[in-house]
There are 2 protein chains.
Amino acid sequence: MPWLSHATHNEVVNQICDRIWLAVVQRSLRPGARLKEEDLAEIFGATRARVRQALSILEQDGLVSLVPNRGACIAEPDIGEAQDAFSARLCIEQRLVTRLCRMATQDHIATLRAHVASERAAHDRQDSEAMIRLSGEFHLLIAKLTGADLLMKILRTLTIRTSLITAMYQPQSTQSCGPDEHARILDAIEARDEGRARAEMAHHMQHLETDLHLDEGTIPVSQLHAALKPNP
Amino acid sequence: MPWLSHATHNEVVNQICDRIWLAVVQRSLRPGARLKEEDLAEIFGATRARVRQALSILEQDGLVSLVPNRGACIAEPDIGEAQDAFSARLCIEQRLVTRLCRMATQDHIATLRAHVASERAAHDRQDSEAMIRLSGEFHLLIAKLTGADLLMKILRTLTIRTSLITAMYQPQSTQSCGPDEHARILDAIEARDEGRARAEMAHHMQHLETDLHLDEGTIPVSQLHAALKPNP
DNA sequence: GTCAATTTTATTGTCAACAATGCAGACCGC
DNA sequence: GCGGTCTGCATTGTTGACAATAAAATTGAC
């Protein structure tokens, strides 16, 4: 079940989007990788029109960049865009936790606790796909529980952006944040401590961001290719 | 020049989006109004495929709702969605003015002052189309000056949403906010007073929101039809 | 041997005809 | 006369073929 499902769209299109996203966060599709419409169509057993729809959605989400008459490739966000994305997430997520502090019911807390438990389980059994999915879902779950539909939709695309950035700039080792920080955020929410919740969220975001190697040294793959003039 | 231009898309598509948006904010297209693809294609001298692209974009912006196999109509955001939209705008715009307080150059201030002057000019000559455009552009200009590309993109779609809401729930008289509140926000930015800037922005948003008649009494046109079983 | 112009090829963008779907009105049984 | 079903129509959704475009390869001149 694609957690980035743009609910309203065709099921096939969602699947294509999800698979591409997954390939990116799992690093089997590198930033800059070319995405040929016809190939994708064959891979997914879909028509080119469907693939095109999917690519258009992924472009809006910032996962692929779409150059007219040149086709699509996995986007290569630079340092500035990376900072922008985390900054935007922080802005929105701080508001969400604040709201949740005020309005969370016992059910909400329980739901979140159960989610963190799933995260920990996935973490323990080294299921990296589940870890990645659940880790992102935690933030979306907060948005969902506050009932802020719009902010949730926005946060979803931001999450997609940051997951690309993470795959691009983060060393293989630390695939995704452990569930501990999520638990701390949840503690603050349960204690109805808005200030602490905001601070924990800020800490979490900062952690995500500083774990990256955003120094100029990290050159995206495709730029490397262009720079080295490879002879395939 | 469409201020909601989704830069990267076809020019014709942008034009269609813009004209539909304009018709909505000018209240010549009511919420719930049906948008037949073929008609639009003829009106704009475009093919159905192009119209379809435009409608898809407008759906993402929340201006039209797109029901599978049933076609498109102008969206009818309810009270909850309206509050959500303003809440999201406030969240983002407060962050933007805060950033601008810290980083605004004299050039930035001058640009904004010039913009407010244009707004006032449009106001004085009762040019309602210019007023609407410029009024929205002020907020986007702030985003642009902070250099936050992402937040600007997000804010653009939020602005589209709120302009629909305004057209839907605001009495004809107060077509758009006068330039005075924008000037006050700008004053605070120039004084580098973050707190005041945030407060002025909050005040501005609240003003926009409370000017609406969000009471249940205001029933969208199409819902009225459905409720009254008209006999055309 | 290298550079520039030209042809070739691979890929995307566009379109117009066709298929599928849902809705309205007519028809039939009750 | 009322409820349900069935057919015809209006509208959207899909597809495959074709046109436009940019990159790559080839050729020819210097």
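Quick notes on the rules
Residues numbered from 1 in each chain as written. Chains lettered and ligands numbered in written order. Predicted model: local features only at pLDDT ≥ 70, side-chain atom pairs only at ≥ 80, totals over all residues. Heavy atoms only, no water. Contact = heavy atoms within 4.5 Å. Buried area = accessible area lost by both parts, 1.4 Å probe. Salt bridge = Lys/Arg side-chain N within 4 Å of Asp/Glu carboxyl O. Helix = DSSP H or I, 4+ residues; strand = E, 2+ residues; numbered from the N terminus. Nonpolar A, V, L, I, M, F, W, Y, C, P; charged D, E, K, R; others polar. Buried < 20%, exposed > 50% of the residue type's maximum accessible area, 1.4 Å probe, protein only. Near = heavy atom within 4 Å. Polar contact = N/O pair within 3.5 Å; in protein donor to acceptor, adjacent residues only side chain to side chain. Axes fitted to C-alpha atoms, helices over the stretch in contact; angles between N-to-C directions. Parallel < 35°, antiparallel > 145°, perpendicular 65-115°, else oblique. Left-handed = near helix turned anticlockwise from the far one by under 90°. Pairing = 2+ DSSP bridges. pLDDT = per-residue confidence, 0-100. Least-squares fit on C-alpha atoms with pLDDT ≥ 70 in both. Core = buried A, V, L, I, M, F, W, Y, C linked by side-chain atoms within 4.5 Å.

Going by the annotation in an unreviewed UniProt entry, the name recorded for chain A is GntR family transcriptional regulator, with Roseinatronobacter thiooxidans given as the source organism.

A.B. asks: Account for the interface of chain A and chain B, with residues named and values stated.
C.D. replies: Chain A puts 24 residues into the contact, and the matching count from chain B is 23 residues. Of the roughly 2000 Å² buried at the junction of chain A and chain B (both faces included), carbon and sulfur atoms supply 51%. Among the residues of chain A in contact with chain B, A:Gln60, A:Arg95 and A:Leu150 are the three that bury the most area, contributing 28% of the side total. For the interface between chain A and chain B, the tally reads zero salt bridges. Of all the elements in the fold, those that place two or more residues in the side of chain A that touches chain B are α3 (48–60), α4 (79–103) and α7 (149–169) of chain A. Here the side of chain A that touches chain B gets nine residues from one element, more than from any other, and that element is α4(A). Its residues assigned to classes, the side of chain A that touches chain B comprises eleven nonpolar, six polar and seven charged.

A.B. asks: Help me get a handle on the pattern of salt bridges, residues and values and all.
C.D. replies: Applying the stated criterion across every chain, the model contains 24 salt bridges over all chains. Taking the shortest distance from any N to any O, the salt bridge between A:Glu129 and A:Arg133 comes out at 3.4 Å. Of this pair, A:Glu129 and A:Arg133 are both found in helix α6 (residues 128–146), four residues apart, which corresponds to roughly one turn of the helix. For A:Arg133, a relative accessible area of 14% translates into the label buried. Taking the shortest distance from any N to any O, the salt bridge between B:Glu37 and B:Arg52 comes out at 3.3 Å. Of the two residues, B:Glu37 is situated in helix α2 (residues 37–44) and B:Arg52 in helix α3 (residues 48–60); the sequence distance between them amounts to 15 residues. A relative accessible area of 47% places B:Arg52 in the partly exposed class.

A.B. asks: An account of the protein's contact with DNA strand D is needed here, citing residue identities and associated values.
C.D. replies: Taken together, the neighbourhood of DNA strand D is formed by 15 residues, with A:Arg50, A:Arg70, B:Lys36, B:Arg48 and B:Arg52 sitting nearest. For DNA strand D, the fraction of protein-proximal atoms (within 4 Å) that sit in sugar or phosphate groups is 80%. In the environment of DNA strand D, a phosphate oxygen lies 2.9 Å from a nitrogen or oxygen atom belonging to the side chain of B:Lys36. Interatomic distance of 2.7 Å between a side-chain N/O atom of B:Arg48 and a base nitrogen of DNA strand D. Residue assignment for the surface near DNA strand D shows that the elements contributing at least two residues are α3 of chain A together with β1 (34–35) and α3 of chain B. Broken down by class, the residue content of the surface near DNA strand D amounts to three nonpolar, five polar and seven charged.

A.B. asks: Give a detailed account of the packing of helix α1 (residues 11–25) of chain A against α3(A), specifying residues and quantitative values.
C.D. replies: All names here are of chain A. For the pair α1 and α3, the least separation of the axes is 9 Å and the interaxial angle reads 55 degrees. Judged by the inter-axis angle, α1 sits oblique to α3. Here α1 runs over α3; the crossing is right-handed. Along the contact surface, α1 presents Val12, Val13, Ile16, Cys17 and Ile20, while α3 presents Arg50, Val51, Gln53, Ala54, Ile57 and Leu58. Broken down by class, the residue content of the contact of α1 with α3 amounts to nine nonpolar, one polar and one charged.

A.B. asks: So what's going on with the pairing of strand β2 (residues 64–67) of chain B? Residues and values would help.
C.D. replies: Residue and element names in this part refer to chain B. Sheet topology note: the β2/strand β3 (residues 71–74) ladder contains four bridges and is antiparallel. Residue pairing in the sheet places valine 64 in a bridge with isoleucine 74 of β3. With antiparallel pairing between neighbouring strands as the criterion, β2 and β3 make up a hairpin whose turn holds three residues, including asparagine 69 at a positive phi of roughly 65 degrees.

A.B. asks: With reference to specific residues and values, describe the protein's contact with DNA strand C.
C.D. replies: Taken together, 14 residues surround DNA strand C, and among them A:Lys36, A:Arg48, A:Arg52, B:Arg50 and B:Arg70 come closest. For DNA strand C, the fraction of protein-proximal atoms (within 4 Å) that sit in sugar or phosphate groups is 80%. Between DNA strand C and B:Arg50, the relevant distance is 2.8 Å, taken from a phosphate oxygen to a side-chain nitrogen or oxygen of the residue. Elements that contribute at least two residues to the surface near DNA strand C include exactly β1 (34–35) and α3 of chain A. The class makeup of the residues in the surface near DNA strand C is two nonpolar, five polar and seven charged.

A.B. asks: Account for the confidence of the model for chain A, naming residues and giving values.
C.D. replies: The predicted model of chain A averages 86 in pLDDT, with 86% of residues at 70 or higher. Long-range and interchain partners of residues 224–232 of chain A, a stretch whose pLDDT sits below 50, account for two contacts in this model, where long-range means more than four residues apart.

A.B. asks: Got a sec to walk through the pairing of strand β3 (residues 71–74) of chain A? Specific residues and values, please.
C.D. replies: Here two bridges tie β1(A) to β3(A), and the two strands are oriented antiparallel to one another. Among the inter-strand pairings, A:Leu35 is bridged to a residue of β3(A), identified as A:Ala72.

A.B. asks: An account of the relation of the copies chain A and chain B is needed here, citing residue identities and associated values.
C.D. replies: Of the transformation superimposing chain A on chain B, the axial component is 0.1 Å and the angular component is 180 degrees, with the fit at an RMSD of 0.1 Å. The relationship between the two copies is best expressed as a two-fold rotation axis. A shared interface surface links the copies, since 96% of the contact residues of chain A are contact residues in chain B too.

A.B. asks: An account of the nonpolar core is needed here, citing residue identities and associated values.
C.D. replies: The biggest cluster of nonpolar side chains holds 82 residues, and the ones touching the most others in it are A:Ile189 and B:Ile189. Not counting the four nearest positions on each side in its chain, A:Ile189 is found in contact with A:Val97, A:Leu100, A:Cys101, A:Ala104, A:Ile109 and A:Ala197. One finds B:Val25, B:Leu29, B:Leu55 and B:Ile132 within the second-largest nonpolar core, a separate group that totals 27 residues.

A.B. asks: I'd like to hear about the sheet that holds β3(A), residue by residue, with values.
C.D. replies: In space, the three strands of this open sheet follow the order β1-β3-β2 (chain A), with antiparallel pairing throughout. Bordering the open sheet on either side are β1 and β2 (64–67) of chain A, each of which pairs with just one other strand.

A.B. asks: Which residues make up the environment of A:Thr111, and what values go with them?
C.D. replies: Tracing the chain through its elements places A:Thr111 in helix α5 (residues 106–124). Expressed as a C-alpha distance, the spacing of A:Thr111 and A:Leu141, which sit 30 residues apart in the sequence, is 8.9 Å.

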